[in-house]
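# Notes for the structure review
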Amino acid sequence: MTALAGTDGRLRCPWALASDDYLAYHDTEWGRPVHGESALFERLCLEGFQSGLSWITILRKRDAFREAFSGFDPHKVAAFGEAEVESLMGDAGIVRNEAKIRATIGNARALLALPDGESLGALLERHRPPGKPAPQTLADVPAETTESRSLSRELRRHGFRFVGPVTAYAMLQATGYVNDHLAGCEFRRPSQPRRNA
């Protein structure tokens, strides 16, 4: 399936037309560069929570996730203990999956434990795929790549969880390290090199 026109006549990736939430996410965020460790940590956590679910579920709960996880400040999340886990398991505003909740807390700790000079942004940058032609159809967009498999392995080596190759690739797409907007999409932006701390 190629890019399709929305009600405003502008061509977009077809998945963006499924709901207003997808439309806003596609037009303003997906595939654009994300800067800063907290912002990247948020995307990593949300992609992990999405595993096995529809992305629309996560988008609609995003504000509740931000509130529940202290704005995804890794220092605050890393300090969560059993009381916070119990509270989060009772929060209907988020996905109440204990394994994913504990992984998010563990991932905050893993992020803070990265060696000096290392960062989540640097890890992603090392696994940025080489430039490639824009996909023509949705069938041209892979679920995972050699780079996402390598990124998944490295993240796991540092203690991150819920970071399989498919999740790692979705993370690269969402944060602009990969630009998988279809060739005909008017919202296609070139991925920009970045310098994340």
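Calculation criteria
Counting from 1, residues in each chain are numbered in the order their sequence is written. Where totals are concerned, whole chains, interfaces and linings use all residues; where local detail is concerned, this predicted model gives features only for residues with pLDDT of at least 70, and gives and counts side-chain atom pairs only at 80 or more. Only hydrogens and water are set aside; all other atoms, that is, all heavy atoms of the structure, feed into the side-chain values. To form a nonpolar core, buried Ala, Val, Leu, Ile, Met, Phe, Trp, Tyr and Cys residues must be joined to one another through side-chain atoms within 4.5 Å. Buried, partly exposed and exposed residues are distinguished by accessible area as a fraction of the type maximum, computed with a 1.4 Å probe on protein chains only: under 20%, between the cut-offs, and over 50%, respectively. Working rule for contacts: check all heavy atoms of both residues, and any pair within 4.5 Å makes them a contact. Pairing of aromatic rings covers Phe, Tyr and the six-membered ring of Trp, with a centre-to-centre limit of 6.5 Å; geometry is then stacked below 30 degrees between planes, edge-to-face above 60, and tilted otherwise. What goes into a patch is any residue over 30% in relative accessible area without a salt bridge, connected to like charges within 9 Å or, for nonpolar side chains (Val, Leu, Ile, Met, Phe, Trp, Tyr), within 5 Å. Where accessible areas are quoted, they stem from the Shrake-Rupley method and a 1.4 Å probe; at the residue level, only the protein chains shown are allowed to cover. A pairing counts as a salt bridge when a side-chain nitrogen of Lys or Arg comes within 4 Å of a carboxyl oxygen of Asp or Glu. Secondary structure is summarised from DSSP: a helix means a run of H or I of at least four residues, a strand means a run of E of at least two, and numbering begins at the N terminus for each.

Within an unreviewed UniProt entry, the label attached to the protein reads DNA-3-methyladenine glycosylase I, and the organism entered is Arthrobacter gandavensis.

### What about the nonpolar core?
Counting residues in each nonpolar core, the largest one holds 49 residues, and the members touching the most others are F65, F69, I101, L120, L124, L155 and F160. In this structure, F65 is in contact with L46, F49, I58, F72, I94 and V95, ignoring residues within four places of it in sequence.

### Notes on the packing of aromatic side chains
In the structure shown here, the tally under the stated rule is 10 aromatic pairs. An angle of 90 degrees between the planes, with centres 5.8 Å apart, marks the rings of W15 and Y22 as edge-to-face. Residue W15 is classed as partly exposed on the basis of its relative accessible area, which comes to 23%. You can call Y22 buried: its relative accessible area is 15%. Ring centres of W15 and W30 lie 5.0 Å apart, and the angle between their planes is 85 degrees; on these two criteria the pair is classed as edge-to-face.

### Re a nonpolar patch on the surface
Side chains of M1, L4, L17 and L138 sit close together on the surface and give an oily, nonpolar patch of about 330 Å² of accessible area. The topology assignment puts L4 in strand β1 (residues 4–5). Residue L4 is classed as partly exposed on the basis of its relative accessible area of 35%.

### Quick word on unusual backbone geometry
Even without being a glycine, S70 presents a positive backbone phi close to 50 degrees. Among the structural elements, S70 can be located in the loop between α3 (55–68) and α4 (74–78). Under the relative-accessibility criterion, S70 is labelled partly exposed at 28%. One non-glycine residue, F72, lies in the positive phi region at around 55 degrees. Here F72 shows up in the loop between α3 and α4.

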